[in-house]
Amino acid sequence: MTEDAPAPRRRGRPSRRSAAEGPDSRTRILEAARTEFAQRGYDKASVRGIARAAGVDAALVHHYFGTKDEVFAAAVELSFEPALVIPTVLGGPPEGLGERLARYFLSVWENPATRAPLLAILRSALTHEAAAKVLRGFVLRRLLERIAAELDVPDATFRAELAASHMIGIAMLRYVIRAEPLASADPEEIVAMVAPTLQRYLGGEG
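Quick caveat, the model's predicted, so the values are computed rather than measured.

Here we look at the overall build of the protein
Logical step 1: What the protein contains, in helices and strands, is 11 helices and zero strands.
Logical step 2: Going from the N terminus to the C terminus, the protein shows its helices and strands as α-α-α-α-α-α-α-α-α-α-α.
Logical step 3: The 206 residues of the protein split such that 45% are buried.
Logical step 4: If you take every contact in the protein between residues at least 6 apart in sequence, the share linking residues at least 24 apart comes to 66%.
Logical step 5: With the model as given, the accessible surface of the protein reaches about 11300 Å², and the carbon-plus-sulfur share is 53%.

Put into C-alpha coordinates, the structure is as follows:
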(Lines give C-alpha, C1' and ligand atoms only; values in the text may rest on other atoms or scores of the structure.)
Protein backbone atom coordinates (compact mmCIF):
# COMPACT_ATOMS: atom_id res chain seq x y z
CA MET A 1 0.00 0.00 0.00
CA THR A 2 1.38 3.42 -0.96
CA GLU A 3 1.44 6.41 1.34
CA ASP A 4 -1.32 8.06 -0.72
CA ALA A 5 -3.69 5.11 -0.45
CA PRO A 6 -6.71 5.66 1.83
CA ALA A 7 -6.83 3.87 5.14
CA PRO A 8 -9.08 0.80 5.21
CA ARG A 9 -12.58 1.34 6.57
CA ARG A 10 -14.99 -0.84 8.46
CA ARG A 11 -18.68 -0.83 7.71
CA GLY A 12 -20.44 1.86 9.74
CA ARG A 13 -17.23 3.44 10.98
CA PRO A 14 -15.61 6.73 9.90
CA SER A 15 -12.29 6.77 8.08
CA ARG A 16 -9.17 7.69 10.00
CA ARG A 17 -9.07 11.05 8.25
CA SER A 18 -12.74 11.76 9.13
CA ALA A 19 -12.25 10.68 12.74
CA ALA A 20 -9.19 12.91 13.02
CA GLU A 21 -11.39 15.87 12.08
CA GLY A 22 -13.25 15.18 15.34
CA PRO A 23 -14.76 18.29 16.90
CA ASP A 24 -15.09 20.22 13.62
CA SER A 25 -16.97 17.35 11.98
CA ARG A 26 -19.20 16.85 15.00
CA THR A 27 -20.07 20.55 15.12
CA ARG A 28 -20.90 20.59 11.40
CA ILE A 29 -23.14 17.56 11.83
CA LEU A 30 -25.01 19.16 14.74
CA GLU A 31 -25.54 22.44 12.89
CA ALA A 32 -26.66 20.58 9.77
CA ALA A 33 -29.03 18.44 11.84
CA ARG A 34 -30.62 21.46 13.46
CA THR A 35 -31.12 23.07 10.05
CA GLU A 36 -32.49 19.87 8.48
CA PHE A 37 -34.98 19.32 11.29
CA ALA A 38 -36.02 22.98 11.14
CA GLN A 39 -36.56 22.97 7.37
CA ARG A 40 -37.86 19.45 6.78
CA GLY A 41 -39.35 18.34 10.11
CA TYR A 42 -38.63 15.11 11.92
CA ASP A 43 -40.31 12.76 9.43
CA LYS A 44 -38.60 14.06 6.29
CA ALA A 45 -35.15 14.68 7.77
CA SER A 46 -32.76 11.77 7.34
CA VAL A 47 -29.29 10.79 8.49
CA ARG A 48 -28.14 10.78 4.86
CA GLY A 49 -29.53 14.27 4.33
CA ILE A 50 -27.86 15.54 7.48
CA ALA A 51 -24.56 13.98 6.41
CA ARG A 52 -24.83 15.51 2.95
CA ALA A 53 -25.54 18.97 4.40
CA ALA A 54 -22.58 18.63 6.79
CA GLY A 55 -20.25 17.43 4.03
CA VAL A 56 -19.47 14.11 5.75
CA ASP A 57 -20.19 10.44 5.24
CA ALA A 58 -23.39 9.08 6.82
CA ALA A 59 -21.22 6.60 8.73
CA LEU A 60 -19.68 9.51 10.62
CA VAL A 61 -23.13 10.68 11.75
CA HIS A 62 -23.86 7.17 13.04
CA HIS A 63 -20.42 7.06 14.68
CA TYR A 64 -21.04 10.22 16.71
CA PHE A 65 -24.79 10.02 17.36
CA GLY A 66 -26.17 6.61 16.40
CA THR A 67 -29.81 6.77 15.28
CA LYS A 68 -31.88 9.66 13.93
CA ASP A 69 -33.57 9.91 17.34
CA GLU A 70 -30.19 10.47 18.96
CA VAL A 71 -29.25 13.10 16.38
CA PHE A 72 -32.59 14.78 17.07
CA ALA A 73 -31.89 14.75 20.82
CA ALA A 74 -28.49 16.32 20.22
CA ALA A 75 -30.09 19.02 18.07
CA VAL A 76 -32.53 19.80 20.90
CA GLU A 77 -29.63 20.01 23.33
CA LEU A 78 -27.75 22.35 21.00
CA SER A 79 -30.64 24.82 21.19
CA PHE A 80 -31.06 24.71 24.97
CA GLU A 81 -27.43 24.17 26.07
CA PRO A 82 -28.22 22.46 29.39
CA ALA A 83 -24.67 22.97 30.63
CA LEU A 84 -25.47 26.69 30.71
CA VAL A 85 -29.09 26.38 31.79
CA ILE A 86 -28.48 24.65 35.13
CA PRO A 87 -26.00 27.17 36.60
CA THR A 88 -27.93 30.08 35.07
CA VAL A 89 -31.19 29.02 36.68
CA LEU A 90 -29.77 27.72 39.96
CA GLY A 91 -27.12 30.39 40.39
CA GLY A 92 -29.05 32.70 42.65
CA PRO A 93 -31.42 32.91 45.61
CA PRO A 94 -34.00 30.07 45.71
CA GLU A 95 -36.85 32.56 45.81
CA GLY A 96 -35.86 33.84 42.34
CA LEU A 97 -35.86 30.43 40.64
CA GLY A 98 -39.18 30.87 38.83
CA GLU A 99 -38.17 34.22 37.41
CA ARG A 100 -34.77 32.99 36.22
CA LEU A 101 -36.29 29.90 34.60
CA ALA A 102 -39.02 31.89 32.83
CA ARG A 103 -36.54 34.48 31.61
CA TYR A 104 -34.10 31.89 30.29
CA PHE A 105 -36.83 29.91 28.53
CA LEU A 106 -38.19 33.00 26.79
CA SER A 107 -34.70 34.22 25.86
CA VAL A 108 -34.09 30.97 23.96
CA TRP A 109 -37.37 31.34 22.05
CA GLU A 110 -36.86 35.06 21.40
CA ASN A 111 -33.46 34.42 19.80
CA PRO A 112 -33.96 33.96 16.00
CA ALA A 113 -30.97 31.60 15.85
CA THR A 114 -32.66 29.08 18.13
CA ARG A 115 -36.33 29.82 17.50
CA ALA A 116 -36.56 28.18 14.05
CA PRO A 117 -35.17 24.79 15.09
CA LEU A 118 -37.22 24.86 18.29
CA LEU A 119 -40.37 25.50 16.29
CA ALA A 120 -39.55 22.49 14.12
CA ILE A 121 -38.83 20.38 17.19
CA LEU A 122 -42.12 21.35 18.81
CA ARG A 123 -44.12 20.76 15.64
CA SER A 124 -42.41 17.41 15.12
CA ALA A 125 -43.25 16.37 18.67
CA LEU A 126 -46.94 17.02 17.98
CA THR A 127 -47.03 14.66 15.01
CA HIS A 128 -44.36 12.02 15.66
CA GLU A 129 -44.11 9.93 18.81
CA ALA A 130 -40.35 9.40 18.53
CA ALA A 131 -39.81 13.16 18.43
CA ALA A 132 -42.23 13.63 21.34
CA LYS A 133 -40.35 11.02 23.37
CA VAL A 134 -37.03 12.74 22.76
CA LEU A 135 -38.44 16.13 23.71
CA ARG A 136 -40.10 14.76 26.86
CA GLY A 137 -36.93 13.05 27.94
CA PHE A 138 -34.76 16.08 27.33
CA VAL A 139 -37.00 18.74 28.83
CA LEU A 140 -37.88 16.66 31.88
CA ARG A 141 -34.78 14.61 32.68
CA ARG A 142 -32.04 16.86 31.38
CA LEU A 143 -33.49 20.17 32.52
CA LEU A 144 -36.41 20.44 34.90
CA GLU A 145 -35.90 17.31 36.98
CA ARG A 146 -32.25 18.23 37.50
CA ILE A 147 -33.28 21.68 38.65
CA ALA A 148 -35.94 20.29 40.98
CA ALA A 149 -33.55 17.65 42.34
CA GLU A 150 -31.00 20.33 43.20
CA LEU A 151 -33.63 22.08 45.26
CA ASP A 152 -34.60 18.87 47.04
CA VAL A 153 -38.35 19.42 46.69
CA PRO A 154 -40.96 16.66 47.11
CA ASP A 155 -42.67 15.18 44.02
CA ALA A 156 -39.90 16.52 41.78
CA THR A 157 -41.04 14.69 38.64
CA PHE A 158 -44.64 15.86 38.98
CA ARG A 159 -43.54 19.41 39.68
CA ALA A 160 -41.17 19.30 36.68
CA GLU A 161 -43.99 18.15 34.41
CA LEU A 162 -46.26 20.94 35.61
CA ALA A 163 -43.55 23.52 34.96
CA ALA A 164 -42.86 22.00 31.52
CA SER A 165 -46.55 22.04 30.61
CA HIS A 166 -46.78 25.70 31.55
CA MET A 167 -43.76 26.77 29.50
CA ILE A 168 -44.46 24.57 26.47
CA GLY A 169 -48.03 25.86 26.48
CA ILE A 170 -46.71 29.40 26.32
CA ALA A 171 -44.38 28.44 23.47
CA MET A 172 -47.27 26.87 21.55
CA LEU A 173 -49.59 29.86 21.90
CA ARG A 174 -46.97 32.58 21.45
CA TYR A 175 -44.70 31.13 18.74
CA VAL A 176 -46.67 28.42 16.92
CA ILE A 177 -50.33 29.51 17.05
CA ARG A 178 -49.39 33.16 17.60
CA ALA A 179 -52.47 33.88 19.68
CA GLU A 180 -52.97 37.53 20.61
CA PRO A 181 -52.32 39.32 22.85
CA LEU A 182 -49.75 36.75 24.05
CA ALA A 183 -47.89 36.70 20.73
CA SER A 184 -47.18 40.44 20.92
CA ALA A 185 -46.67 40.76 24.67
CA ASP A 186 -43.37 42.05 25.98
CA PRO A 187 -41.23 39.12 27.24
CA GLU A 188 -40.70 40.84 30.58
CA GLU A 189 -44.45 41.12 31.07
CA ILE A 190 -44.75 37.37 30.48
CA VAL A 191 -41.91 36.66 32.92
CA ALA A 192 -43.61 38.76 35.59
CA MET A 193 -46.89 36.87 35.18
CA VAL A 194 -45.45 33.36 34.86
CA ALA A 195 -42.56 33.43 37.35
CA PRO A 196 -44.68 33.13 40.54
CA THR A 197 -46.40 29.99 39.20
CA LEU A 198 -43.11 28.36 38.21
CA GLN A 199 -41.77 29.29 41.62
CA ARG A 200 -44.63 27.42 43.29
CA TYR A 201 -44.06 24.38 41.11
CA LEU A 202 -40.30 24.07 41.56
CA GLY A 203 -39.70 25.95 44.76
CA GLY A 204 -41.89 23.78 46.92
CA GLU A 205 -44.13 26.68 47.87
CA GLY A 206 -47.90 26.91 47.88
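Observations regarding the packing of helix α7 (residues 97-110) against helix α11 (residues 187-203)
Logical step 1: The interhelical angle for the contact between α7 and α11, taken along N-to-C directions, is 130°, at an axis separation of 7 Å. Here α7 is positioned oblique relative to α11, judged by the angle of their axes. Seen along the crossing, α7 lies across α11 with a hand that is right-handed. Contacts from Leu97, Gly98, Glu99, Leu101, Ala102, Arg103, Leu106 and Glu110 of α7 reach α11 at Pro187, Glu188, Ile190, Val191, Val194, Ala195, Leu198, Gln199 and Leu202.

What about the pattern of salt bridges?
Logical step 1: On inspection of all chains with the given rule, the structure shows five salt bridges.
Logical step 2: Among the salt bridges present, the one from Glu99 reaches Arg103, with a minimum N-O distance of 3.0 Å. Here Glu99 pairs with Arg103, and both are found in helix α7, just four residues apart, close to one helical turn.
Logical step 3: A relative accessible area of 39% means that Glu99 is categorised as partly exposed.
Logical step 4: Salt bridges sharing common partners tie together Glu99, Arg103 and Glu188.

Focus: α7
Logical step 1: For α7, built from 14 residues, the straight-helix expectation of 20 Å at 1.5 Å per residue is met to within 8% by its first-to-last C-alpha distance of 20 Å.
Logical step 2: Among the 14 residues in α7, 10 count as buried, and that is most of the element.
Logical step 3: Listed as buried for α7 are Leu97, Gly98, Arg100, Leu101, Ala102, Tyr104, Phe105, Leu106, Val108 and Trp109.

A word on the packing of helix α8 (residues 112-127) against helix α10 (residues 156-176)
Logical step 1: At a minimum axis distance of 11 Å, the contact between α8 and α10 shows a crossing angle of 110°. Comparing their axes, α10 and α8 come out roughly perpendicular. Judged by the twist between their axes, the crossing of α8 over α10 is left-handed. Between α8 and α10, the residues in contact are Arg115, Leu119, Leu122, Arg123 and Leu126 and Ile168, Ala171, Met172, Tyr175 and Val176, respectively.
Logical step 2: A breakdown of the residues in the contact of α8 with α10 according to their chemical character gives eight nonpolar, no polar and two charged.

Some thoughts on the packing of aromatic side chains
Geometrically, a pair of aromatic rings is defined through the distance of the ring centres and the angle of the planes.
Logical step 1: All chains considered together, the criterion is met by four aromatic pairs.
Logical step 2: On the basis of an interplanar angle of 55° and a centroid distance of 6.3 Å, the ring pair of Tyr64 and Phe65 is categorised as tilted.
Logical step 3: Among the residues examined, Phe65 registers a relative accessible area of 8% and is labelled buried.
Logical step 4: Ring centres of Phe105 and Trp109 lie 6.3 Å apart, and the angle between their planes is 50°; this geometry places the pair in the tilted category. With Phe105 and Trp109 both in helix α7 and four residues apart, the pair spans about one turn of that helix.
Logical step 5: Exposure remark for Trp109: the relative accessible area of 3% places this residue in the buried category.

Regarding the environment of Val76
Logical step 1: Along the chain, Val76 falls in helix α5 (residues 68-80).
Logical step 2: Looking at Val76, the relative accessible area reads 0%, which means it is buried.
Logical step 3: On a C-alpha basis, the gap between Val76 and Phe37 in space is 9.9 Å, while along the polypeptide they are 39 residues apart.

Each value, and the rule that gives it
- Residues numbered from 1 in each chain as written.
- Predicted model: local features only at pLDDT ≥ 70, side-chain atom pairs only at ≥ 80, totals over all residues.
- Heavy atoms only, no water.
- Helix = DSSP H or I, 4+ residues; strand = E, 2+ residues; numbered from the N terminus.
- Buried < 20%, exposed > 50% of the residue type's maximum accessible area, 1.4 Å probe, protein only.
- Contact = heavy atoms within 4.5 Å.
- Areas by Shrake-Rupley, 256 points an atom, 1.4 Å probe, with all protein chains shown as cover.
- Axes fitted to C-alpha atoms, helices over the stretch in contact; angles between N-to-C directions.
- Parallel < 35°, antiparallel > 145°, perpendicular 65-115°, else oblique.
- Left-handed = near helix turned anticlockwise from the far one by under 90°.
- Salt bridge = Lys/Arg side-chain N within 4 Å of Asp/Glu carboxyl O.
- Expected span 1.5 Å × (residues − 1).
- Nonpolar A, V, L, I, M, F, W, Y, C, P; charged D, E, K, R; others polar.
- Phe/Tyr/Trp six-rings, centres within 6.5 Å; stacked < 30°, edge-to-face > 60°.

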